[in-house]
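A structural walkthrough
Below, each chain spelled out in residue letters.
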Amino acid sequence: MKRFYKIFILCLLTFNFSKAQINYVFTASGGAFAANTTPTVVHAAGVDDAISAVINIGFTFRYGCVNYTQFKVTSNGVMFLGSTAAGSNAGNNLNTSTDRPAIAPLWDDLATGAAGNVNYKVTGVAGARILTVEWLNMEWSYSAVNPAITFQAKLYETTNRIQFVYRQEAAAIVVNGASIGLSGPISGDFYSLNNTSAAPTASKLI
């Protein structure tokens, strides 16, 4: 499902794990943005429409009552749990996309900027590790000249919490359509945010 947003503020978007399907409790709050230091780069600068090979999460992450240890990440602002996703998914679709389950901090037809990349890093100790996937200096959309936004998806070990973190960059947004949310393993099972204000509403289908 496509939603329309403009990023004006830095905010943390947090989904807290519950049981069955993808039942989450959503909260939003302000906070500082900390970029990954010495991460593993997956997609380099100037990349459009790419999907990674399978990457190990670094711990077991439980999502929709299923345990996952791997993911794939695209240059289009979305990551997919497991190993089966096959495309870069330039068209955002939390509702009926074939590639799922999806974790989408800002799913749209993006490209990495000249000083940007898509990277990841695992921090913390066993039992409390965090996987941070980062889309750094992203052009929104792919046809833009300069980066408009940087954002992260954080997966927390044990609590199975998911956190989205954003930092607006200097360039204007060329296209302001995106999906922000989560999709479950079956078509029609998803959460979607209606905006990126200080207090957006998360709607759930299925």
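Below is a summary of the structure that appears in this document. Computed from a prediction, not measured in an experiment: that's the story for all the values here.

Along the chain, Gly-91 turns up in the loop between β7 (79–81) and β8 (102–107). In this structure Gly-91 comes out as exposed when scored by relative accessible area, which is 53%. Once the C-alpha coordinates of Gly-91 and Asp-109 are considered, the two residues, 18 residues apart in sequence, prove to be 6.4 Å apart.

Counting 36 residues, the largest nonpolar core has Tyr-63, Phe-71, Met-79, Leu-81, Ile-103, Leu-131 and Leu-182 as the members making the most contacts within it. Looking at this core, the element that brings in the most residues is strand β5 (residues 55–63), giving five residues. Counting eight residues, the second-largest nonpolar core is a separate cluster that includes Val-78, Phe-80, Ala-85 and Ala-104.

Taken as a whole, this structure holds five aromatic pairs when the rule is applied. Pairing Tyr-24 with Tyr-63 gives two aromatic rings, centres 6.0 Å apart and planes at 45 degrees, and the pair type is tilted. Here the residue Tyr-24 occupies a position in strand β3 (residues 24–29), and Tyr-63 occupies one in strand β5, the gap between them amounting to 39 residues. Judged by its relative accessible area of 7%, Tyr-24 is buried.

Cut-offs used in this document
Residues numbered from 1 in each chain as written. Predicted model: local features only at pLDDT ≥ 70, side-chain atom pairs only at ≥ 80, totals over all residues. Heavy atoms only, no water. Helix = DSSP H or I, 4+ residues; strand = E, 2+ residues; numbered from the N terminus. Buried < 20%, exposed > 50% of the residue type's maximum accessible area, 1.4 Å probe, protein only. Core = buried A, V, L, I, M, F, W, Y, C linked by side-chain atoms within 4.5 Å. Phe/Tyr/Trp six-rings, centres within 6.5 Å; stacked < 30°, edge-to-face > 60°.

Remember that the coordinates give geometry; whether it matters functionally is a separate question.
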